[in-house]
Amino acid sequence: MTDVPAYERVVAIASCGSRWEADLKWSLLDAEGYRVTVASDDAGGLHPELAYLACAYRLMVPEGQAESARELLDAIEESSAEFEGSIEPIRASRGWWAAIAVLIMTVLAYRIWFLLTAG
């Protein structure tokens, strides 16, 4: 890859539903020489369920590398679609019930913590 100036604008090339998926794609891009980072909306790792619900792990690359990085990710996803254990069926199987379950568990955990520390 070519050298990219530090001040070049970065753009999102993909969004992922989980940290492990974002890290996997990050490692593939990094191994190919892209300057890539993962931006997430999970309160600094304190509440990963927030990012899970919003599919909020985003892969960011410099604008000059965006097109080729997207092509690489598309090629990888096309080749992984041939296998039974690809990422897409996992993402498609998530429904609103999973989001509600995560919220309920978070609220219950907070209430239990509050009851144990307040008394």
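Residues numbered from 1 in each chain as written. Predicted model: local features only at pLDDT ≥ 70, side-chain atom pairs only at ≥ 80, totals over all residues. Heavy atoms only, no water.

Asker: An account of the pattern of salt bridges is needed here, citing residue identities and associated values.
Answerer: Side chains that carry opposite charge are capable of pairing whenever their charged atoms lie near each other. A complete count under the given rule lists three salt bridges for this structure. Note that Arg9 is salt-bridged to Glu63, the shortest N-O span being 3.1 Å. Of the two residues, Arg9 sits in the segment before β1 (10-16) while Glu63 sits in the loop between β3 (57-62) and α3 (66-80), which places them 54 residues apart along the sequence. Given a relative accessible area of 42%, Glu63 falls into the partly exposed group. Across the pair Lys25 and Glu21 runs a salt bridge, and its minimum N-O distance is 3.4 Å. (Salt bridge = Lys/Arg side-chain N within 4 Å of Asp/Glu carboxyl O. Helix = DSSP H or I, 4+ residues; strand = E, 2+ residues; numbered from the N terminus. Buried < 20%, exposed > 50% of the residue type's maximum accessible area, 1.4 Å probe, protein only.)

Asker: Tell me what's going on with the nonpolar core, and back it up with residues and numbers.
Answerer: Among the nonpolar cores identified, the biggest contains 15 residues, and Ile13, Leu29, Leu59, Val61, Ala69 and Leu73 are the most heavily contacted of them. Looking at this core, the elements with two or more residues in it are β1, α1 (19-31), β3 and α3. Top contributing element to this core by residue count: β1, with four residues. When neighbours within four sequence positions are excluded, Ile13 is seen to be in contact with Leu29, Leu59, Val61, Ala66, Ala69, Arg70 and Leu73. (Core = buried A, V, L, I, M, F, W, Y, C linked by side-chain atoms within 4.5 Å. Contact = heavy atoms within 4.5 Å.)

Asker: Pulling in residues and values, what's your account of the confidence of the model for the chain?
Answerer: Per-chain confidence: the chain averages 77 in pLDDT, with 71% of residues scoring 70 or above. Here helix α4 (residues 87-93) stands out as the least confident element of the chain, with mean pLDDT 51; β3 is the most confident, with 90. (pLDDT = per-residue confidence, 0-100.)

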